[in-house]
Amino acid sequence: MTGDVFEADVMSLFTDDGERKYLNAAERKRFFRARKMITDRSERTFVELIFWTGCRISEALQLTIIRVNVEEAFVVFKTLKQHGKNKDRKFRVVHVPRRFMRDLDRAHRLHRSLGTPRDGSSRRLWAFGRQKGWRLVCQVMGKAGISGPRATPRGLRHSFGVHCILHGIPELRLQDWMGHTSLNTTAIYAKAIGAEDRYLIKRIWRM
């Protein structure tokens, strides 16, 4: 079995009992408001990065200063899960809101670090590990009143995918932004149901 097929087969937006693994629109808004519970600006930007880009925790933790473009407001992730013919596509560009980039710049002193001879552009933005990154996201989930299988970093990543599909982002672009090996994996976000499905059909009614 190839990596492409395996990734598409095991990935689902629902548990075996039919419970959502992703945040819906209302939960996504609550999460964004609740992020302010993190008082450390550097740690808060970690959570916000996943919210705005749908990146994996490991990809966020590997982000270095040189891979953040402050002027054009985008970050360059090293994609960690690539297989087969796509294994050479190691890096991907994802744009972020300028207001978030300004916060990222202030919290990590990006402009000050770029071009300095010591401890400069190769420095990672966050020095902590996966366990703390996971805990930060889950703490915000708790503050937002979100529980169950979706109250995880993966649930936040999934919510980014669903959010993009609902707002008309083509699947090919989303595949690139999320670093999926196969388009079949990205296509699961088009299968969101419930209130998300109603949002889509209301766009038809307006026509």
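Before reading on, note that the structure itself is shown above.
Residues numbered from 1 in each chain as written. Predicted model: local features only at pLDDT ≥ 70, side-chain atom pairs only at ≥ 80, totals over all residues. Heavy atoms only, no water.

Caption draft 1: Geometry of helix 8 (residues 153-166). A rise of 1.5 Å per residue sets the reference length of helix 8, with its 14 residues, at 20 Å; its end C-alpha atoms lie 20 Å apart and thus fit the reference within 8%. Of all the 14 residues making up helix 8, twelve are buried; the element is thus mostly covered by neighbouring parts of the structure. Among the residues of helix 8, those classed as buried are P153, G155, L156, R157, H158, S159, F160, G161, V162, C164, I165 and L166. Positive phi shows up at G168, right after helix 8, with a value of about 80°. (Helix = DSSP H or I, 4+ residues; strand = E, 2+ residues; numbered from the N terminus. Expected span 1.5 Å × (residues − 1). Buried < 20%, exposed > 50% of the residue type's maximum accessible area, 1.4 Å probe, protein only.)

Caption draft 2: Spatial organisation of the environment of G161. Assignment of secondary structure puts G161 in helix 8. Look at G161 and you get buried, because its relative accessible area is 0%. Residues G161 and A190, spaced 29 residues apart in sequence, show a C-alpha to C-alpha distance of 8.8 Å. Setting aside residues up to four positions removed in sequence, G161 forms contacts with L174, M178 and Y189. (Contact = heavy atoms within 4.5 Å.)

Caption draft 3: Fine view of the sheet that holds strand 1 (residues 68-69). Here we have three strands laid out as an open sheet, ordered 1-2-3, and antiparallel in their pairing. In this open sheet, the two strands that pair with only one neighbour each are strand 1 and strand 3 (91-95). Judged from the two bridges that link them, strand 1 and strand 2 (residues 74-78) form a sheet pairing that is antiparallel. Counted as the bridge partner of N69 is F74 from strand 2. (Pairing = 2+ DSSP bridges.)

Caption draft 4: Just unusual backbone geometry, in detail. A positive phi angle, close to 55°, is found at A73, a residue other than glycine. Among the secondary structure elements, A73 is positioned in the loop between strand 1 and strand 2. Its relative accessible area of 2% is what places A73 among the buried residues. In this model, R109 sits at a positive phi of 50°, which is unusual for a non-glycine residue. The topology assignment puts R109 in the loop between helix 5 (98-108) and helix 6 (110-113).

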